[in-house]
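# A structural walkthrough
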Amino acid sequence: MSRQVGIIGGGIAGLVAGYELSKRGVRVTIFECDQRLGGLASSFTIGPGVEVERYYHFICKPDRAYIGMINELGLASRLRWVTTKMGLFYRGDIHTISEPLSLLKFPYFSLVDKLRFIWSTALVKFSNHWKALENIQAEKWLVQQYGVRAYNILYAPLLNLKFRSYASQVSAAWMWARFHRLGNSRTITQKEYLGYLEGSTQVYVSALEQALRKQGATLHTGTRVEKILIDSGRVVGVYCDGEQVFLDSVLSTVPIPHFLQLVSNSCFEYLYNLKYIDVLVMVLRLRHSFSPYFWMNISDPNIELAGIIEYTNLNPLPQANGDSILYIPQYMPSSHPLYKMKEEDLFRLYCDYLHSINPAFQPNWVQNYWVHRDRFAQPICETGFSRHVPSIQTPVAGLYITDSYQLHPDDRTVSGSTSLGKRAARLILQQWEGQ
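This write-up is about the structure you can find in this document.

Analysis parameters
Each chain carries its own residue numbering, running from 1 in the written order of its sequence. Per-residue local features of the predicted model are confined to residues with pLDDT of at least 70, and side-chain atom pairs are confined, for both listing and counting, to 80 or more; whole-chain, interface and lining totals are unaffected and use all residues. Heavy atoms throughout the structure, all of them, feed into the side-chain values; hydrogens and water do not. Stacked, edge-to-face and tilted are the three classes for Phe, Tyr and Trp ring pairs, Trp counted by its six-membered ring, which pair at centre distances within 6.5 Å; planes under 30 degrees apart are stacked, over 60 edge-to-face, the rest tilted. Runs of H or I in DSSP of at least four residues are treated as helices and runs of E of at least two as strands, each being numbered from the N terminus. Using a 1.4 Å probe on the protein chains alone, a residue whose accessible area is under 20% of its type maximum counts as buried, one over 50% counts as exposed, and one in between counts as partly exposed. Any two residues whose heavy atoms approach within 4.5 Å at even a single point are treated as in contact. For this analysis, a polar contact is any N or O atom pair within 3.5 Å, provided that within protein one partner can donate a hydrogen and the other can accept it, and provided that sequence-adjacent residues contribute only side-chain to side-chain pairs. Criterion used throughout: strands pair if DSSP finds at least two bridges between them. Every angle, taken between N-to-C directions, lies between 0 and 180 degrees, and every axis is a line fitted to C-alpha atoms, over only the stretch in contact when it is a helix.

## Let's talk about the packing of aromatic side chains
Using the criterion set out here, one finds 27 aromatic pairs in the structure. When the centroid spacing of 5.9 Å and the interplanar angle of 85 degrees are considered together, the rings of tyrosine 146 and phenylalanine 179 count as edge-to-face. Remark: phenylalanine 179 occurs in helix H7 (residues 172–183) and tyrosine 146 occurs in helix H5 (residues 138–146); sequence separation between them is 33 residues. For phenylalanine 179, a relative accessible area of 19% puts it in the buried group. Taking the centre distance of 5.2 Å and the plane angle of 70 degrees together, the rings of tyrosine 276 and tyrosine 405 count as edge-to-face. Note that tyrosine 276 is positioned in strand S14 (residues 276–286) and tyrosine 405 in the loop between strand S19 (399–401) and helix H12 (414–434), a separation of 129 residues in sequence. Here tyrosine 276 matches tyrosine 405 in class, with each residue buried. An aromatic cluster is built from Tyr56, Phe58, Phe294, Trp295, Tyr311 and Tyr327, whose rings are joined through pairwise contacts.

Have a look at this one:
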């Protein structure tokens, strides 16, 4: 009889791990508490025949794990690459900062600032020495690399609004990884060159689901695991829907704070010190395009937003009939007043912000809006971060965990989660072979 693996969480890491295991004859059962698979990469319906992602995603050239799986699943014909623009709202105006030529026109940098920015960006693109940056504060490194003026205009708002009270503790390695990924997805002339799947990330999730079912995997949605069963230092299964499910191995792909609610073993105390911040995103369907930019950073003390993403400037979504899809993301603890704010109050606040950025914008542009909130979405990538990254293999035999902490120094992406799922599956198979 083949081995049986239970996977808690039907996000990308869980689906990919299940795919890799079932492909090799392992009996896989996936337990997902939501009604839909995909986790943070899942989609939702905004109108008849129109689905969009709950949280925006894009593909960069270095996203090899994701692109490799796209090819393996027969989705290569749906991969599209687009030259996009990045904007910056600063001192009441929107500026283009997508590539060196547009940056040279930015009136608030001196010539030295501009040349320093171009040179430093090139250095980051071609370097791979992130480990040397791990014990350096991001703020200190950014000032050294780009100068005080560039830091205050471009990067301080990002750090402060993404990590809040943790901003001064963030490692330069995390910031380097963001620059490195985007820098290596630029054209020869340094223009942004980003990708998307026609039909959005849901196409990837659906292809994984179909492949899993074809390979004999069992997928349970709307099913919450209540407890991981451990006996004599070894996992023996899970408790779910009022009954025990016996398994040879269990892989948890939910955030570690959720995982800790499923185990009572004292050997997991080392995981309680991991820090996260939560995410809140409003998605708006607009009758008109808000701007020509896919990504617009915001540097304005009166607007408590790090940026806005007009997804249809990357993926035009023909099924949306020319409407524009706008994402307004914010990272904050769940105790923050904005996180707990009523949706209609949040909408009015965001409309005021959007009107400040683009005076032509009016609330009647908005056909509909939706708010998504998720706990523990972003690890706090402090200096010395590697020392805190947990192993996929836990101290309990047969019990494994994946978490966005393990993507370090990279930020959470579909490609990173794909790679993490593959790593977990390889480790499970290798340990079985060793036994």
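## As for the environment of phenylalanine 44
Checked against the element boundaries, phenylalanine 44 lands in strand S3 (residues 43–47). For phenylalanine 44, a relative accessible area of 11% translates into the label buried. Taking the C-alpha atoms as reference points, phenylalanine 44 and tyrosine 55, eleven residues apart in sequence, are found 10.0 Å from one another. Those residues in contact with phenylalanine 44, other than ones at most four positions away along the chain, are Arg36, Val50, Glu51, Val52, Glu53, Arg54, Val283, Trp370 and His372.

## What about the environment of arginine 412?
Tracing the sequence through the fold places arginine 412 in the loop between S19 and H12. Separated by 35 residues in sequence, arginine 412 and alanine 377 place their C-alpha atoms 8.6 Å apart. With residues near it in sequence (within four places) discarded, arginine 412 still touches Leu40, Tyr331, Ala377, Gln378, Ser404 and Leu407. A polar contact is formed between the side chain of arginine 412 and the backbone oxygen of alanine 377, at a distance of 2.3 Å.

## Let's talk about the sheet that holds strand S9 (residues 218–221)
With parallel pairing, the five strands of this open sheet are ordered in space as S9-S2-S1-S13-S19. In the strand order of this sheet, the two ends are held by S9 and S19, each with one partner. Here the average twist between neighbouring strands, direction ignored, is 15 degrees. The sheet strands contacting helix H1 (residues 12–23) are strand S1 (4–8), strand S2 (27–32), S9 and strand S13 (249–252), and the helix crosses S2 at an angle near 165 degrees.

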